[in-house]
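# Overview (structure and organization)
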Amino acid sequence: MKGSDLLVAALENEGVDRIFGVPGEENLDVVESLRRSSIELIVTRHEQPAAFLAATYGRLTGKPGVALSTLGPGALNFVTGAAYGFLGGMPMVLITGQKAIRQSRQAHFQIVDVVAAMRPLTKQSQQIVSASSIPTLVRNAFRIAAEERPGPVHLELPEDVAAEEAGDAPLVPAHAAELPVPSPEAIKRASDLILAAKFPLLMFGAGASRPQLAPALSDFVRRVRIPFFNTQMGKGAVGGASDFYLGTAALSERDYVHKAIDRADLIVTIGHETVEKPPFLMSQGRHQVIHIGFVSATIEEVYFPQAEVIGDIAKGLDLLAGQLEGGLKTNPDWAALRKDILDHITDRAEEDRFPLTPQRIVHDVRQVMPPDGIVALDNGMYKIWFARNYRTDVANTLLLDNALATMGAGLPSGMMAALLYPQRRVLVVAGDGGFMMNSQELETARRMKLNLVVLIIEDHAYGMIRWKQAVDGFADWGLTFDNPDFVAYAAAYGARGRRVTTASGLAPALEEAFSAGGLHLIAVPIDYSENIRVLVDELRHMQD
């Protein structure tokens with residue numbers, strides 16, 4: 001058995017069924033080993049979306065996704081995807097090729113130090129120098145990628161090591177990894193603080209969206225009956241239909257949900273990771289914070305909790321609820337405040353004007369998506385509107401990135417969701433800027449025979465930066481562009497395209513696309529004047 005055979009056998013041992021990527025000549029032994037294996041190789045049109053696909057697999061399943069590239073330029077195209085998984089807490093394993101390390105017949109052609117380049121963006125980056133070490137290194141890579149806090153691991157496989165005879169190196173069996181249970185002292189300290197608070201408030205962060213946590217979080221809210229809000233990446237950790245839901249912190253301050261945050265004298269953050277844009281800004285004497293997480297809090301200028309409960313979040317919340325259940329009374333002021341917040345968020349959601357407002361787009365998307373339907377967002381101004389306005393009832397049904405916040409990830413993220421959940425409706429929402437960054441993957445989606453609808457929000461600009469430019473008083477300059485005919489563009493890839501031309505046309509177009517199945521592209525123009533009216537003028541008036 002040669003090294004590449006041993007690598008693929010080790011991947012099968014980890015339960016890998018798909019690998020995404022663009023192989024090169026340094027991977028040919030691996031490609032041949034994959035051809036004879038149970039693992040499907042899904043060839044993408046660029047390495048960056050392959051990494052996004054692997055990361056989203058990890059995000060949705062809790063198991064590392066795998067991506068493959070060649071050396072040099074191919075490997076470096078993984079860099080953004082590695083950072084996406086690293087900041088977003090998504091387990092993944094990146095495998096890159098390299099020239100032979102026992103000879104140098106091509107000098108330094110295409111050779112860069114990929115291991116060093118990946119080191120700051122991964123939990124571990126390592127070159128494989130011996131075929132017999134492959135089972136140990138692969139098992140360790142998957143263990144490190146999946147354990148808290150999850151993230152990417154990089155392995156570089158030189159072509160001579162891939163071709164080397166490995167002998168009878170045994171595979172390393174996987175085993176379950178248990179998280180420690182929070183200490184009784186930490187539980188007691190937290191419960192005392194909560195019982196002493198007049199206005200306790202819960203916040204669910206990115207770490208609360210781990211796939212296995214949803215039942216425990218909902219049970220905790222049911223038992224303690226404390227109002228809650230969530231960060232952008234914590235949306236859906238507990239359903240927005242709950243009577244205790246107060247909204248999403250899509251901005252760091254001065255939004256309507258911050259009325260509740262300002263009222264609270266104690267905030268219990270569950271799964272908060274400071275890689276997210278801050279959902280609120282702590283300051284001395286404002287309110288106390290309890291951090292409940294898999295790992296200790298990262299202390300920042302705007303986040304410095306006074307108490308921590310560290311370990312298995314589900315078990316910790318069960319113990320904490322046991323201390324609190326029946327001992328708390330919901331302050332009646334919360335109900336009126338909740339109504340005020342949600343009324344403002346849904347204001348003008350059905351306004352009949354064209355081009356469509358962001359509120360109307362979010363409203364119409366919500367109408368056609370069932371509770372378990374998945375919306376995968378790219379990064380743009382619309383992300384703030386979906387974060388604020390889109391109510392989620394099921395965990396991980398609004399996939400957005402509020403950590404690296406990179407453009408170009410929305411389409412691959414939605415493709416991965418459609419591949420994992422072929423019976424569920426999956427919608428990609430992307431701006432015309434972000435969509436074009438990886439639009440070539442429409443061909444991959446069609447080849448994979450995915451049922452996927454892509455909604456392109458068209459404003460002919462890098463809209464979020466243009467909004468910030470206006471807010472900061474700069475001239476409107478340098479951020480606009482032209483677009484292709486998206487209907488014709490869809491047809492060129494074998495998809496069905498459609499343009500929305502009336503205020504009432506979006507919901508029927510989406511419904512028709514989902515009912516027909518297959519790959520669809522829908523372009524809708526947007527009126528972003530609401531960015532200034534709501535997110536600047538209205539919120540400034542509220543603050544005053």
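Report on the accompanying structure. Residues take numbers from 1 onward in each chain, read along the sequence in its written order. Two thresholds apply to this predicted model, a pLDDT of at least 70 for residue-level local features and 80 or more for giving and counting side-chain atom pairs, whereas whole-chain, interface and lining totals are computed over all residues. In computing side-chain values, all of the structure's heavy atoms are included and hydrogens and water are not.

### Things to note about the sheet that holds strand S16 (residues 452–458)
A pair of strands counts as paired when DSSP detects no fewer than two bridges linking them. The helix and strand labels rest on DSSP assignments: H or I over at least four residues marks a helix, E over at least two residues marks a strand, and numbering proceeds from the N terminus. A sheet is described by the order of its strands in space; here six strands give the open sequence S14-S13-S15-S16-S18-S17, paired in parallel fashion. In this open sheet, the two edge strands, each paired with only one partner strand, are strand S14 (398–399) and strand S17 (496–499). Two strands pair when backbone bridges link them, and strand S15 (residues 426–431) and S16 are joined in this way by five bridges, in the parallel orientation. Of the residues in S16, the one forming a bridge with Val429 is Leu455. Only heavy atoms matter for contacts: two residues are in contact if any of them lie within 4.5 Å across the pair. Convention adopted: a line fitted to C-alpha atoms gives each axis, helices being fitted over their contacting stretch, and angles between N-to-C directions are expressed from 0 to 180 degrees. Each of strand S13 (374–377), S14, S15 and S16 is contacted by helix H15 (residues 381–389), which is oriented at about 135 degrees to S15, the strand it contacts most.

### Points about the pairing of S17
Pairing between S17 and strand S18 (residues 519–525): four bridges, direction parallel. Residue Arg499 lies in a different strand from S18, and its bridge partner there is Ala523. Assignment of crossover handedness uses the view with strands pointing away from the viewer, where a clockwise path from the first strand over the helix to the second indicates a right-handed crossover. Of the crossover connections in this fold, the one passing from S17 over helix H21 (residues 506–516) to the parallel S18 is right-handed.

### Topic: the sheet that holds strand S11 (residues 288–293)
Adjacent strands of a sheet form backbone hydrogen bonds with each other and so pair up, either parallel or antiparallel. Spatially, six strands are ordered S9-S8-S7-S10-S11-S12 in an open sheet, and the strand pairing comes out parallel. Only two strands of the sheet have a single partner each, and these edge strands are strand S9 (245–248) and strand S12 (307–310). Taking each pair of neighbouring strands and ignoring which way they run, the sheet shows an average axis angle of 20 degrees. Both S11 and S12 contribute to a ladder of four bridges, which runs parallel. Counterpart to Ile290 in the pairing with S12 is Ala307. Contacting strand S10 (266–270) and S11, helix H12 (residues 313–324) crosses the sheet at an angle of about 130 degrees to S11.

### What to know about the packing of helix H14 (residues 358–368) against H21
It is the contact of H14 with H21, at a shortest axis distance of 9 Å, that shows an interaxial angle of 35 degrees. Taken as a pair, H14 and H21 cross one another with a handedness that is right-handed. Residues Ile361, Asp364, Val365 and Val368 of H14 touch H21, and the partners they reach there are Leu506, Ala507, Leu510, Glu511 and Phe514. Residues are sorted three ways: Asp, Glu, Lys and Arg are charged, Ala, Val, Leu, Ile, Met, Phe, Trp, Tyr, Cys and Pro are nonpolar, and all the rest, Gly among them, are polar. For the contact of H14 with H21, the residue count by class is seven nonpolar, no polar and two charged. Each crossing is labelled by how the near helix is turned from the far one, with a counterclockwise turn of less than a right angle marking it left-handed and a clockwise turn marking it right-handed.

### A word on the layout of surface pockets
Over the atoms rolls a probe the size of a water molecule, and its path tells where empty space is left. Within this scheme a cavity is a closed region of a 1 Å grid, computed over the protein atoms alone, that accommodates a 1.4 Å probe without allowing it to escape, whereas a pocket is open but has protein on both sides within 12 Å along at least five of seven lines; lining residues each have an atom within 4 Å of a point. Grid points are joined across faces, edges and corners, and a volume is the space filled by probe spheres set on the points. Of the pockets and cavities examined, the largest pocket occupies roughly 940 Å³. Around the largest pocket, the lining comprises 42 residues; the ones closest to its centre are Gly62, Lys63, Ala146, Glu147 and Gln212. At the level of secondary structure, the elements contributing two or more residues to the lining of the largest pocket comprise strand S1 (18–22), helix H3 (47–61), strand S3 (65–69) and helix H7 (134–146). A class-by-class count of the residues in the lining of the largest pocket yields 19 nonpolar, 11 polar and 12 charged. Here the second largest pocket is characterised by a volume of approximately 810 Å³. Taken together, 36 residues form the lining of the second largest pocket, with Lys277, Met381, Ile384, Met464 and Trp467 sitting closest to its centre. Among the secondary structure elements, those contributing two or more residues to the lining of the second largest pocket are H15, helix H17 (432–437), helix H19 (463–471) and helix H22 (529–543).

### Overview of the pairing of S1
The side chains of a regular strand alternate, residue by residue, between the two faces of the sheet. As paired elements, S1 and strand S2 (residues 40–43) share four bridges and run parallel to each other. From the neighbouring strand, Arg18 faces S2, where its bridge partner is Glu40. For the handedness criterion, the β-α-β arrangement of S1, helix H2 (residues 28–35) and S2 is classed as right-handed. Two elements, S1 and S3, share three bridges in a ladder whose sense is parallel. Considered in S3, the bridge of Phe20 is made with Ala67.

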